[in-house]
Amino acid sequence: MFIEHPTSLPLLDELRGERVLVRPYRSADADALYAAVEESREHVGRWLAWPQSYSSVHDAHLSIARWKMRHFLREDFTCCIYALDGAEHGGQFVGSCSLRPVEWSIGYFALGYWVRASASGRGYVTEAARLLIAWAFRQYQAQRVEITCDERNLASAAVARRLGFVQEACLRNSRPTMTGQPRNTLVFSLLRDEHNLE
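The structure reproduced in this document is the subject of the present report.

Rules used in this analysis
- Residues numbered from 1 in each chain as written.
- Predicted model: local features only at pLDDT ≥ 70, side-chain atom pairs only at ≥ 80, totals over all residues.
- Heavy atoms only, no water.
- Axes fitted to C-alpha atoms, helices over the stretch in contact; angles between N-to-C directions.
- Helix = DSSP H or I, 4+ residues; strand = E, 2+ residues; numbered from the N terminus.
- Left-handed = near helix turned anticlockwise from the far one by under 90°.
- Contact = heavy atoms within 4.5 Å.
- Nonpolar A, V, L, I, M, F, W, Y, C, P; charged D, E, K, R; others polar.
- Pairing = 2+ DSSP bridges.
- Buried < 20%, exposed > 50% of the residue type's maximum accessible area, 1.4 Å probe, protein only.

Focus on the packing of helix α1 (residues 30-39) against helix α3 (residues 57-72)
Then step 1. Here α1 crosses α3 at 115°, and the two axes come no closer than 8 Å. When you trace α1 past α3, the crossing you get is right-handed. Where α1 approaches α3, its residues Ala 30, Asp 31, Leu 33 and Tyr 34 are matched on the opposing element by Val 57, Ala 60, His 61, Ile 64 and Trp 67.
Then step 2. A per-class count over the contact of α1 with α3 returns seven nonpolar, one polar and one charged.

Written out as structure tokens, the structure reads:
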């Protein structure tokens, strides 16, 4: 598959599952995003550095503006996840998932995700990621979707395995931890012929 002008391809609008709504960020999501980051600095910050860059809701607005531009250019599809179920979480912003083209010419994408501390362990990320992966295989004819995570991040690795991804490698001492020490990185992938497109 060769895509000369990815900006001619359809944009992601909204994906609705049984328990989650996945859609691109809007400016109005800034307060909810910042509140989730504030709640989850330790929870998410163990594995990812970006929560440290959020010092006010203004930073959330800046992030959303960048994501909107990159979404329009088909460079990065970063979406918010809203829960649809339950009295506690129904209608609440619970996290984020993203799909990033690594190599358009061969349909190679990278998938990332995080969930706020109070909503972890409820399956929201797994369902959101499943929706985004199916969209990539259908709309963009993806051939490979990849997930990477710290070897010690058991929850993230469990999401990849629940989604049917195959662990391809453990890259030893490949990235720094939050304290600057080398850490191992797990690499998972799901190929087009391994995914149920029905």
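Re the pairing of strand β7 (residues 166-176)
Then step 1. Note that β7 and strand β8 (residues 182-191) share seven bridges and pair antiparallel. For Cys 170, the partnering residue across the bridge sits in β8 and is Leu 186.

Regarding the side chain of Thr 177
Then step 1. In this fold, Thr 177 is placed in the loop between β7 and β8.
Then step 2. Residue Thr 177 is classed as buried on the basis of its relative accessible area, which comes to 16%.
Then step 3. When residues no more than four places from it in sequence are discounted, the contact partners of Thr 177 are Arg 152, Pro 182 and Arg 183.

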